[in-house]
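# Results of the structural survey
One letter stands for each residue in the lines below.
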Amino acid sequence: QVQLVESGGGLVQPGGSLRLSCAASGSIINIYTMGWYRQVPGKQRELVATITSGGRIDSPDYVKGRFTISRENAKNTVQRRMNSLKPEDTAVYYCNAGVTTILNSVPKNCWGQGSQVTVAS
């Protein structure tokens, strides 16, 4: 079974910064894409940023310039740095990865358990 475990998060004041990491473990053959999504109650889960094994980054304009993402392929880990946090950034942030395993040779979309990020004074 593939597991995605997030670490970090918590309560941050507006204008502050936060780093969140995600580590993938299990019988993984390859991870093609890793990234972050976020969701608030009553709203759709939305893309924050994704990064491929080759370093290609995909993110919406509203987080570009504030959020950064990097990846350590050797450790199957992705990191996210969030700067100038705003109250509207408050959400549950989910790690996501497209992986292949011994039992599944077709890339499958896997999710972490979610990590709460709260931006408030």
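In what follows, the structure referred to is the one given above.
Computed from a prediction, not measured in an experiment: that's the story for all the values here. (Residues numbered from 1 in each chain as written. Predicted model: local features only at pLDDT ≥ 70, side-chain atom pairs only at ≥ 80, totals over all residues. Heavy atoms only, no water.)

### A closer look at the nonpolar core
- Core analysis: the biggest nonpolar cluster contains 28 residues, and Trp 36, Val 78 and Tyr 93 have the highest contact counts within it.
- Those elements that provide at least two residues to this core are strand 3 (18-25), strand 4 (28-39), strand 5 (46-52), strand 7 (67-72), strand 8 (77-82), strand 9 (91-101) and strand 11 (115-119).
- Sequence-distant contacts of Val 78, that is, excluding residues within four places in its chain, are made with Leu 20, Ser 21, Cys 22, Met 34, Trp 36, Ile 51, Ile 69, Ser 70, Arg 71 and Cys 95. (Core = buried A, V, L, I, M, F, W, Y, C linked by side-chain atoms within 4.5 Å. Buried < 20%, exposed > 50% of the residue type's maximum accessible area, 1.4 Å probe, protein only. Helix = DSSP H or I, 4+ residues; strand = E, 2+ residues; numbered from the N terminus. Contact = heavy atoms within 4.5 Å.)

### Structural notes on the environment of Leu 85
- Structurally, the position occupied by Leu 85 is in the loop between strand 8 and strand 9.
- For Leu 85, a relative accessible area of 2% corresponds to the buried category.
- In this structure, the C-alpha to C-alpha distance between Leu 85 and Asp 58, residues 27 residues apart in sequence, is 20 Å.
- Ignoring any residue separated from it by four or fewer positions in sequence, one finds Leu 85 in contact with Val 12, Pro 14, Gly 15, Gly 16, Ser 17, Leu 18, Arg 66, Phe 67 and Val 119.

### As for the pairing of strand 7
- Judged by which residues are buried, strand 7 turns out to be one-sided: Phe 67, Ile 69 and Arg 71 face inward and are buried, whereas Thr 68, Ser 70 and Glu 72, on the alternate face, are not.
- Bridge analysis of strand 7 against strand 8 gives six bridges, and the strand direction is antiparallel. Within strand 8, the residue paired with Arg 71 across the bridge is Val 78.
- If you look at the hairpin formed by strand 7 and strand 8, you'll find four residues sitting between the two strands, and Asn 76 has a positive phi there, around 50°. (Pairing = 2+ DSSP bridges.)

### Regarding the state of the cysteines
- Under the definition given, this model contains one disulfide.
- Cysteine Cys 110 remains unbridged, with the sulfur of Cys 95 as its closest cysteine sulfur at 9.9 Å.
- Residue classification places Cys 110 among the buried positions, given a relative accessible area of 15%. (Disulfide = S-S within 2.5 Å.)

### Quick notes on the packing of aromatic side chains
- Evaluation of the coordinates by the stated rule reveals two aromatic pairs.
- Here Tyr 37 and Trp 111 contribute two aromatic rings whose centre-to-centre distance is 5.0 Å and whose plane-to-plane angle is 65°, an arrangement assigned as edge-to-face. Of this pair, Tyr 37 sits in strand 4 while Trp 111 sits in strand 10 (residues 108-111), placing them 74 residues apart in sequence.
- A relative accessible area of 21% means that Tyr 37 is categorised as partly exposed.
- Trp 111 sits in the partly exposed class, given a relative accessible area of 34%.
- Counting every residue linked through ring pairs, the aromatic cluster contains Tyr 37, Tyr 94 and Trp 111. (Phe/Tyr/Trp six-rings, centres within 6.5 Å; stacked < 30°, edge-to-face > 60°.)

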